[in-house]
Amino acid sequence: MNKSILPAAKLQGHISVPADKSIAQRAALFSLLAEGRSEIKNFPPAQDPQTALQCIRLLGAEVIQEGSDVVITGPGRWNMKVPGQEIDCGNSGTVMRLLSGILAGAGIPATLTGDESLSSRPMMRIIEPLMQMGAEITSSEGGYPPLRIERNRELASVDFTLPVPSAQLKSCVLLAGLFGSNPTTVTETLPSRNHTETMLQLPVKQQGNKKIITVSRDHAVRPMKLHIPGDFSSAAFWLVAGSVLNDSEIRLSGTGINPTRSGALKVLERMGADISVTGERTSAGEPVADIVVRSARLKATSIQAEEVPDVIDELPVLSVAMACADGVSHIRGAGELRVKESDRLAAMEKMLHQSGVQIRTYEDGLTISGKPDARLLPGRYLSFHDHRIAMAAAILALKADGVSEIADAEAAAVSYTEFWDHLDILSYR
Ligand SMILES: O=C(O)C1=C[C@@H](OP(=O)(O)O)[C@@H](O)[C@H](O)C1
Ligand SMILES: C=C(OP(=O)(O)O)C(=O)O
């Protein structure tokens with residue numbers, strides 16, 4: 001689907017962003033592990049979370065979905081069934097990496113496949129620690145999907161220090177460790193999103209700058225009752241759009257603001273954004289708030305490696321903010337963006353270049369010379385079938401002085417089914 005985007009004079013209105021994809025996928029997978037009835041409210045219709053539901057069905061979970069209410073009856077960690085077919089993880093790195101940990105831990109033979117994008121994402125990072133624990137896994141040459149997990153005996157425990165700050169890798173090893181008799185520990189020095197340890201209520205120890213999480217088969221996984229908060233990563237598109245368009249004010253209710261996820265708030269505040277966060281509360285262990293963003297004149301900033309895990313999925317849209325900010329901005333230490341649903345550094349370079357913004361790419365980042373006072377050139381943008389790139393292009397297109405086109409715009413539905421409707425609701429021309 002090609003989408004034409006007209007420039008906007010301003011953005012105004014009130015929306016609730018869709019429920020958090022990371023939490024929804026975990027809610028599905030952890031309900032599979034918990035024996036009995038889990039009740040999940042506000043489960044999102046987006047493609048990745050729906051993929052997670054499909055996958056757990058194949059492993060013996062009963063899933064009843066009525067609108068956004070989902071009831072999952074899990075077989076429990078020791079009673080999952082061997083799937084009668086390949087498990088298609090679609091576009092979701094999270095599902096493939098977390099499910100691999102579960103299947104290897106349980107010793108359930110299965111083949112995990114994915115779409116074209118997922119099939120080119122690196123899996124060696126999970127294969128290595130799982131094999132070190134005793135799992136038998138084969139992949140395409142170089143460690144790419146499909147993954148074949150063989151039946152294996154009980155995995156050994158491992159003390160694993162994350163070589164990359166990846167919540168998917170952390171979660172994969174912890175989930176495999178849930179099946180072992182001896183404790184497995186995962187140590188991280190740069191904090192990545194903590195939904196797995198929070199939702200599974202795993203013991204966490206902080207030692208200086210090291211966080212150590214411990215897990216073993218003795219740790220109970222109980223059925224959950226959960227209302228999934230709004231997805232901060234989806235909110236980030238509006239935080240940037242509301243900042244860079246004049247006369248704008250957008251209210252976002254019920255958005256997750258977990259500090260391991262919401263680094264974009266700090267980055268935008270540093271850039272001079274006018275964002276207020278009110279009504280802070282907790283929903284199922286996750287901090288949630290209402291956010292209001294108003295137009296502001298943004299100034300350039302730098303994002304370095306230490307900050308990258310907190311803003312990892314927001315970097316495409318933050319680079320749009322940088323393109324509209326006064327001065328030269330830098331992103332470094334973000335090489336992980338090259339192995340997401342697309343090579344997001346290359347995609348942003350192409351997009352911003354087309355809009356007339358000066359941009360330089362490095363192996364691990366971008367340097368962007370902002371154009372705060374100029375309308376940008378309209379573009380014919382490729383999404384590279386990547387939801388975050390499609391949506392970042394849409395925000396950029398609002399600032400252009402003509403009509404832009406986005407190819408394969410349907411990719412947005414991987415995380416944000418209502419994105420194009422929300423864009424219409426909020427835009428004034
Ligand atoms: O654990 C998760 O839910 C995620 C972790 C991050 O990936 P990495 O673990 O590869 O950094 C993030 O980019 C992805 O969107 C979701
Ligand atoms: C990288 C992402 O997701 P995943 O790794 O789960 O495909 C994302 O949603 O931006």
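Residues numbered from 1 in each chain as written. Chains lettered and ligands numbered in written order. Predicted model: local features only at pLDDT ≥ 70, side-chain atom pairs only at ≥ 80, totals over all residues.

Caption draft 1: Main features of the UniProt feature "binding site: phosphoenolpyruvate" (unreviewed entry) in the chain. The residues that UniProt annotates with the feature "binding site: phosphoenolpyruvate" (unreviewed entry) are K21, G93, R121, Q168, R344 and R388. In this structure, K21 sits in helix 1 (residues 21-33). A count of 25 C-beta atoms within 10 Å places K21 in the buried class. In this structure, K21 is in contact with P44, A46, D48, P49, D231 and S415, ignoring residues within four places of it in sequence. Residue placement: R121 occurs in the loop between strand 7 (110-113) and helix 4 (124-132). (UniProt positions renumbered as here; feature names shortened; annotations may be inferred. Helix = DSSP H or I, 4+ residues; strand = E, 2+ residues; numbered from the N terminus. Buried ≥ 20, exposed ≤ 12 C-beta atoms within 10 Å, placed from the backbone. Contact = placed C-beta atoms within 7 Å.)

Caption draft 2: Expanded view of the sheet that holds strand 14 (residues 225-227). Read from one edge to the other, the open sheet built from 4 strands follows the order 4-5-3-14, with strand pairing classed as mixed. Each edge of the open sheet is held by one strand with a lone partner, namely strand 4 (62-66) and strand 14. Each adjacent strand pair in this sheet contributes to an overall mean axis angle of 15°, direction not counted. Two elements, strand 3 (residues 36-41) and strand 5 (residues 69-74), share 5 bridges in a ladder whose sense is antiparallel. Bridged to R37 within strand 5 is T73. (Pairing = 2+ DSSP bridges. Axes fitted to C-alpha atoms, helices over the stretch in contact; angles between N-to-C directions.)

Caption draft 3: Spatial organisation of the UniProt feature "active site" (unreviewed entry) in the chain. Under the present numbering, the feature "active site" (unreviewed entry) in UniProt falls on D313. Topologically, D313 is positioned in the loop between helix 9 (308-311) and helix 10 (315-323). With 24 C-beta atoms counted inside 10 Å, the residue D313 sits in the buried group. Apart from the residues within four sequence positions on either side, D313 is in contact with S233 and R388.

Caption draft 4: Representation of helix 11 (residues 344-354) in the model. Those residues of helix 11 not exposed but buried are R344, L345, A347, M348, M351 and L352. For helix 11, the angular spread of buried residues about the axis comes to 160°, placing them on one side. Packed against the buried residues of helix 11 are helix 10, strand 20 (358-362), strand 21 (365-369), strand 22 (380-382) and helix 12 (387-398). Count one or two residues on from helix 11 and you reach G356, which has phi positive near 90°. (Arc of directions from axis to C-beta.)

Caption draft 5: Spotlight on the site of ligand 2. Residues in close proximity to ligand 2 include S92, G93, T94, D313, K340, E341, R388 and S415, which together make up its full environment. Taken together, the residues of the shell around ligand 2 sort by class into no nonpolar, 4 polar and 4 charged. (Near = placed C-beta within 6 Å. Nonpolar A, V, L, I, M, F, W, Y, C, P; charged D, E, K, R; others polar.)

Caption draft 6: Geometry of the site of ligand 1. Ligand 1 sits among S22, G93, T94, S166, A167, Q168, L169, S171, R193, I312, D313 and E336. Partitioning the shell around ligand 1 into residue classes produces 3 nonpolar, 6 polar and 3 charged. When residues of the shell around ligand 1 are assigned to domains, at least three map to each of domain 1 (3-17 + 229-428) and domain 2 (21-226). (Domains from an automatic or database assignment.)

Caption draft 7: Inspection of the sheet that holds strand 7 at higher detail. In spatial order, the strands read 6-7-9-8; together these 4 strands make up an open sheet with mixed pairing. The sheet is open, and its two borders are formed by strand 6 (87-88) and strand 8 (137-140), each paired with just one other strand. When strand 7 meets strand 9 (residues 144-149), the two strands line up antiparallel, connected through 3 bridges. Bridge assignment links A110 to a residue of strand 9, and that residue is I149. In this fold helix 3 (residues 93-106) packs onto strand 6, strand 7, strand 8 and strand 9, with an angle of close to 15° to the strand it touches most, strand 9.

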